[in-house]
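Spelled out from the first residue to the last, the chains are:
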Amino acid sequence: IVVDEIIQMVLNLCELQRKGMFGKLVHISSSEAYGTASRIPMDEDHALRPRTPYAAGKAAADLIALSYVNTFQSDIIIPRSYNAYGPGQPLNWGAVIPKTINKILKGEKPIIFSDGVQTRDFVFVKDIARGIMEVGKLDQKGLIVNIGTGVETPITDLVHLICELMDYKGEIEYQEQRIADVSRHCADTSLLQKLTGFVPRTKLDDGLKETIEYYVHIHSSKAIRP
């Protein structure tokens, strides 16, 4: 659990900024702060109902950053990213895409928790980076802006797509639902598009192909080591 680290980090940055050590702070948030969607798509006014300690830490960090805007007129803006994926994502983060790819590469069954109808808004890492850069150019202090695709993808569809792209024809293992798992996520990206004209460039199929290639290369490199 890294809640204390998340909170201390944003406090340190906000204090350094307040003391004039640097100018604008672009504080990267997460859609996990929203918790499960109470409405779809989820706009920036959606209630914060975090379901895990990590998500609570991200929500708390956002509120701390906003408190500095309100109290000290700090120049802080908050891009709130949805479910990032792509090359380089650590396996120990528990993210479904690298975990599924790695299972198949190891000859193991990919896993779907519960019935797989839970959804996410998957955003390719390069699109997130572009979105953050665009949001960072905006002048509104304390503004929160979603970065997502606006496409709601069920986990079962995602896992089957990865299996298809990797030519995996084996079985899929279904396990019990994870505690505190989010049921639905899908971004309302209208504010981002209105303010910046940003539109994600990477379709899920294409992003998955690039991600799979990365992990295949890593897996092959480990396999040929003496």
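Read on for a plain summary of the structure. Given the structure is predicted, the values throughout are model-derived calculations rather than measurements. (Residues numbered from 1 in each chain as written. Predicted model: local features only at pLDDT ≥ 70, side-chain atom pairs only at ≥ 80, totals over all residues. Heavy atoms only, no water.)

1. Topic: the pairing of strand 3 (residues 76-81)
Regular strands place side chains that alternate from one sheet face to the opposite one. Among the six residues of strand 3, six are classified as buried, and the element is accordingly described as predominantly covered. Neither face of strand 3 is exposed, since Ile76, Ile78 and Arg80 on one face and Ile77, Pro79 and Ser81 on the opposite face are all buried. Direction of pairing for strand 1 (residues 25-26) relative to strand 3: parallel, over a ladder of two bridges. The residue bridging Val26 from the neighbouring strand is Ile77, located in strand 3. Relative to strand 3, strand 2 (residues 29-30) runs parallel, the two being bridged by two bridges. Its bridge partner lying in strand 3, Ser30 is registered against Ser81. (Buried < 20%, exposed > 50% of the residue type's maximum accessible area, 1.4 Å probe, protein only. Helix = DSSP H or I, 4+ residues; strand = E, 2+ residues; numbered from the N terminus. Pairing = 2+ DSSP bridges.)

2. A short note on the pattern of salt bridges
Scanning all chains against the criterion turns up 13 salt bridges. Arg18 is the partner of Glu15 in a salt bridge, and the nearest nitrogen-oxygen pair spans 2.9 Å. Remark: Arg18 and Glu15 occur in helix 1 (residues 3-18); sequence separation between them is three residues, near one turn of the helix. Note on Glu15: relative accessible area 22%, which makes it partly exposed. Here the residues in one salt-bridge network are Lys103, Lys106 and Glu108, joined through shared partners. (Salt bridge = Lys/Arg side-chain N within 4 Å of Asp/Glu carboxyl O.)

3. Considerations on the pairing of strand 8 (residues 144-147)
In strand 8, alternate side chains face the same way, and those of Ile144 and Asn146 on one face and Val145 and Ile147 on the other are all buried. Of the pairings in the sheet, the one linking strand 3 to strand 8 comprises four bridges and is parallel in character. If you follow Arg80 over to strand 8, its bridge partner there is Asn146.

4. As for helix 5 (residues 155-165)
Turning to helix 5, its buried residues number three or more, namely Ile155, Thr156, Leu158, Val159, Leu161, Ile162 and Cys163. Just downstream of helix 5 lies Asp167, where phi reads positive at about 55 degrees.

5. Description of the environment of Ala187
With respect to the secondary-structure elements, Ala187 resides in the loop between strand 10 (173-175) and helix 6 (190-196). Between the alpha carbons of Ala187 and Arg120 there is a distance of 9.1 Å; along the sequence they are 67 residues apart. If near-sequence neighbours (up to four positions away) are discounted, Ala187 is found in contact with Pro41, Met42, Tyr82, Asp121, Gly148 and Gly150. (Contact = heavy atoms within 4.5 Å.)

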